[in-house]
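Okay, here's what each chain looks like letter by letter:
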Amino acid sequence: MKFTIQRDVFVQNIQHVSKAISSRATLPILTGIKIVAFDDGITLTGSDSDISIEAFIPAEDGDNSNVDIERPGAVVLQAKYFADIIKKLPESTVELTLNDQMVTKIRSGSSEFNLNGQDPDDFPRLPEVEEGSQFTLKTDLLKALIKQTAFAVSTAETRPILTGIHWGMESEKLMCTATDSHRLAMREAGVEESGDVEFTNVVIPGKSLTELSKILDDSEETVDVTVTDNQVLFKATNLLFLSRLLDGNYPATKNMIPSQSKTNIQVPAKQLMAAIERALLLSDGKNNVVNLKSLNENELEITSVTPEVGKVTESVSCDAFEGEELRISFNGKNIIDALRVIESQDVAIQFTGAMSPFIMRPADRDYMLHLFSPVRTY
Amino acid sequence: MQTWSELSETQPTIARVLQNSVRRGRLAHAYLFEGGRGTGRRAAALLLARAFLCEKTVDAEPCLVCRECRRAESGNHPDVHRIQPDGQTIKVDQIRALKKEFSMRGMESAKKVYIIEETETMSAAAANSLLKFLEEPEGEALAVLITASAGQILPTILSRAQVMSFSPLPPDRVTKALVERGFREKEARTAASLTSDLEEAERMFDEEWISQGREKVVQLMNDLISRPQDAYITVHETIMPFFTDRQQIQTALDLMMIWYRDVLRMQVGQSDAVVYIDQEDTLTKQAFQLSQQKLGKNLQAVMDAKRRAGANVPPQLLVEQLLLRLQEGS
C-alpha cells in the first residue's frame, strides 16, 4: 500500500471514524483504524463492536484531487497514536507506505514515523450493502425520528431489549417505538423510496441512534438504510454508520394503546409544560408525581405536594374538554420529555380513567403518539 | 495442541465426546472444564471454540488457517469473549458487561462463544448474575467455564453445565520427561507432583526456587518430629521469609502434603512411589513414629490450611495454626 493524501481531508475523516473507537476496547484489534486503499479512494473504519463507522475518501472529489494512490493495500493502525500523528504533521500532504511486516511509514515534509500495524484480516467483517434491500430517508426526517423516540428508551439493564428503539416497516410506513415500560413514544413516517422493504422486530440500541444523529451532517440530503440479520447500516454520501441490533423479542406495543377514551382534552403545549415544570419543583425528587384534576369545562388544576416541604396549585385553561370528570396522577418528568419533542401548539390527551394509561399526541398531526402509565396515589 | 487428535493423546475421552458432539452438531450450551494445571483445559476450550466457529471444518477438525480460526487464537474474534479474573476474583461488573454484549446480536454471525477462566474465583454476586443467562442463552451461544475444581463452583452453576473432568497427566510421565531434559530425579519427582504442566515444571527449576523451597520444607518436617520445640523457629527463620506470597504459601502447603503422603506410602510399603526419594531414612523413621490415624489428621490439617490460604487469612497465622494442629497429641 502506498498513497499520498491531503492532510486536512485525512484528519477530518479520521476524526469521524475515531468517534466509534472506544478507549476500553475488548478486542485488541478494535483499538485501531482500518485503512484500505483502493484504486478510486481510501476507506477508514473504526469500531467498538457496538457501532462501526466507515468513511470513504474519494481519490477525485469534483475538481480537487484528495488522494494519489500508487499501490492499493490495507492495514490496521493504532488509533490513539495515528490520529495524533497525522494532526501534528508539518506539511499539507502525507505519504503512507506499508511494508511486508505491517510496518507503516508515515512521511510528511522532513518528518517520518514508522508505526507497527495489525493484520487487516483480523478486523471484524462488516456486512455489505446489498442492492434492493435498502430504503431512503431524508436526513432531517431521520434526525426527527431519533429525537422524538430516543428519549423514551430504558436506561436500566434489567431488560436490555428496552434500551433499544424498535423499527418496523410495513407498506411504505416506518414505525419507530421506544418504551421503558412506564412510558412509550411512537413515531410513524411515510417512506417514499422504500424499495418494497418490509421488516419487523429490528431493535436498534438507543445509544447508537443518538450517536448517529450527532454524526450526520445537516448538509446531507438523504440517508440510505439497510437492515441485515445482525446489523443496521446507514449510508450517507461518503460515510457509512453501522450498529449492531439488540437480540430478543420486542414487546408487542400495539395492544397497549387504548382504543377508546373516557375523557378527551386539548391544551396549549407551552402552558401545560410550564405548569408541570412549576409543579415539579415541589414534587419529591424520585417519582416526580404531579396530580391533574378537571375543575370545569375549560379549566384543569395541576397540583403537587410534598408533605414536609409544601404544596403547589395551578390552573390551566384548556381549549376543549369532553367526557367524564377526571382525577389522575402521573410522572411529570415523562410528560415534559414528551412535550419537548412535540413540535406543535396544542396537544390532545385522551384519558381512560385514573388507573389506565393515557395517550398524548399533537392536536394537528397524528403521526406521533405518547403513552404514559399513571401513578397510583389514591 | 490444536486438533482433536492431539487432544486425544492426553485426554482421550474428552476429545472423543467433544469431537462427536461437534460432528453431529449436538453441542451442549455450557461446558465446565475441570482439571489441574497443565491438563490442557485452555487449549481444549480454544479448540472447541474454533471447531464451533470455523466454517471449513473437516470431520469436526478446525482448519486453523481461516479467518475465524486465526482470530479466535489471536483474541481478535468479535464473537469470542474471554473473561479472566480482574485481580483476585471475577467481578460482577465483568459478568454484566458480558451480559450486555450478549443482549446484542452477533457481530458477524449468530454464533457466540464465551470462555470464563478460573471460574472458581467468581464472586457470589457474579455467579448468581451468570445463572439465568447460562441457562437461557439467546441464539447460538456456547459457554466454556474453566476451573481447577468443580467442588468450588456453585451447585446451581454446576447443574447447568456439562462437566468434563480433565484427568491429570500421570506424574511418572512428567518425571520421566523432566529427567530426560536433564533435571535431577529427586527434584523432577517433586515438580511432577506439583504440576502436570511440563513448561511450568521447568520454570520452577529455572530459578532454583523449587529446590530451595523443597529443602526448607524437608527441614521443617524433620524438626516437627525430632525437635518439636524448634519448629516455630524454623517457620519464622526459614519458611515465612522464603514463601512470601499467597501462591508460594500454597506451594509450601502442597510440599507438606506430599511429605505426609510419602510417609503413608512408606507405611504401606510403596517405597518406590515416594516423591522425596532422597529422604528415605527420615520418611521410614516417621512412618514408625506416626500412626495412620494421625497421618490422616495431619493431611486433613494441611488441606484445611490450603483452603484458608485461598481465603485471605494472614499467612503467618495460617502456618502457626497448622503447626499447632500437626503437633496435637504427639
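Residues numbered from 1 in each chain as written. Chains lettered and ligands numbered in written order. Predicted model: local features only at pLDDT ≥ 70, side-chain atom pairs only at ≥ 80, totals over all residues. Heavy atoms only, no water.

The name an unreviewed UniProt entry assigns to chain B is DNA polymerase III subunit delta', from the organism Alkalicoccus urumqiensis. Turning to chain B, the UniProt record has this under Catalytic activity (unreviewed entry): "DNA(n) + a 2'-deoxyribonucleoside 5'-triphosphate = DNA(n+1) + diphosphate". (UniProt positions renumbered as here; feature names shortened; annotations may be inferred.)

With an unreviewed UniProt entry as reference, chain A is termed Beta sliding clamp, source organism Alkalicoccus urumqiensis. On record in UniProt, under Subunit (unreviewed entry), the comment for chain A is "Forms a ring-shaped head-to-tail homodimer around DNA." Comment text from UniProt for chain A, heading Subcellular location (unreviewed entry), reads "Cytoplasm".

Glancing now at the environment of Val76(A). Residues and elements named next belong to chain A. Tracing the sequence through the fold places Val 76 in strand E8 (residues 73-78). Under the relative-accessibility criterion, Val 76 is labelled buried at 0%. Setting aside chain neighbours within four positions, we find Val 76 in contact with Ile 29, Gly 32, Ile 33, Lys 34, Gly 117, Gln 118, Asp 119, Pro 120 and Phe 123. (Helix = DSSP H or I, 4+ residues; strand = E, 2+ residues; numbered from the N terminus. Buried < 20%, exposed > 50% of the residue type's maximum accessible area, 1.4 Å probe, protein only. Contact = heavy atoms within 4.5 Å.)

What follows concerns the UniProt feature "domain: DNA polymerase III beta sliding clamp N-terminal" (unreviewed entry) in chain A. Residues given the UniProt feature "domain: DNA polymerase III beta sliding clamp N-terminal" (unreviewed entry) here are residues 1-127 of chain A. In residues 1-127 of chain A, the share of helix is 17% and the share of strand is 48%. The end C-alpha atoms are 24 Å apart.

A word on the side chain of Arg50(B). Residues and elements named next belong to chain B. Locating Arg 50 in the fold gives a position in helix H3 (residues 41-53). Overall, Arg 50 belongs to the buried group, its relative accessible area being 3%. Reaching out from Arg 50, the side chain makes a polar contact with the backbone oxygen of Cys 69 at a distance of 3.1 Å. Arg 50 has contacts with Gln 2, Pro 62, Leu 64, Cys 69, Ala 72 and Glu 73, leaving out every residue within four places of it along the chain. (Polar contact = N/O pair within 3.5 Å; in protein donor to acceptor, adjacent residues only side chain to side chain.)

All names here are of chain A. With respect to burial, strand E28 (residues 368-372) is a largely interior element, five of its five residues being buried. Pairing of strand E15 (residues 183-190) with E28, which is carried by five bridges, proceeds in the antiparallel orientation. Bridge pairing in E28 places Arg 187 opposite Met 368. Taken together, the three bridges between strand E27 (residues 358-362) and E28 define a ladder with antiparallel strand orientation. Counterpart to Met 360 in the pairing with E28 is His 370. (Pairing = 2+ DSSP bridges.)

This next bit is on the packing of helix H11 (residues 209-226) of chain B against helix H12 (residues 231-242) of chain B. All names here are of chain B. The geometry of H11 relative to H12 is characterised by a closest axis approach of 10 Å and an angle of 170° between their N-to-C directions. Relative to H12, H11 is oriented roughly antiparallel. Here H11 runs over H12; the crossing is left-handed. On H12, the residues touching Trp 209, Gln 212, Gly 213, Lys 216, Val 217, Gln 219, Leu 220, Asp 223 and Leu 224 of H11 are Ala 231, Thr 234, Val 235, Thr 238, Ile 239 and Phe 242. Residues belonging to the contact of H11 with H12 are distributed by class as follows: eight nonpolar, five polar and two charged. (Axes fitted to C-alpha atoms, helices over the stretch in contact; angles between N-to-C directions. Parallel < 35°, antiparallel > 145°, perpendicular 65-115°, else oblique. Left-handed = near helix turned anticlockwise from the far one by under 90°. Nonpolar A, V, L, I, M, F, W, Y, C, P; charged D, E, K, R; others polar.)

The next subject is the interface of chain B and chain A. At the interface, 23 residues of chain B touch 28 residues of chain A. Across the interface of chain B and chain A, roughly 2,300 Å² is buried in total on both sides, 42% from carbon and sulfur atoms. Taken together, the links from chain B to chain A amount to six salt bridges. Residues Arg70(B) and Asp119(A) are paired through a salt bridge, measuring 3.3 Å at the closest nitrogen-oxygen approach. Linking chain B with chain A are 15 residue pairs in polar contact (both at pLDDT 80 or more). Per-element accounting of the side of chain B that touches chain A gives the leading share, five residues, to helix H4 (residues 67-74) of chain B. (Buried area = accessible area lost by both parts, 1.4 Å probe. Salt bridge = Lys/Arg side-chain N within 4 Å of Asp/Glu carboxyl O.)

Here the focus is the domain arrangement of chain B. One widely used convention gives an interface's size as the accessible area the parts lose upon coming together. Domain boundaries in chain B define domain 1 (4-165) and domain 2 (205-327). Here the C-alpha centre of domain 2 of chain B lies 37 Å away from the C-alpha centre of domain 1 of chain B. (Domains from an automatic or database assignment.)

Moving on: the sheet that holds strand E25 (residues 327-331) of chain A. Residues and elements named next belong to chain A. Read across the open sheet, the four strands follow the order E23-E22-E21-E25; overall the sheet is antiparallel. Every other strand in the sheet has two partners, leaving strand E23 (310-317) and E25 as the edge strands with one partner each. The mean angle between the axes of side-by-side strands here comes to 25°, regardless of whether they run parallel or antiparallel. As paired elements, strand E21 (residues 289-296) and E25 share five bridges and run antiparallel to each other. For Asn 291, the partnering residue across the bridge sits in E25 and is Ser 329. The strands touched by helix H6 (residues 332-341) are E21 and E25; relative to E25, the strand with the most contacts, the crossing angle is about 75°.

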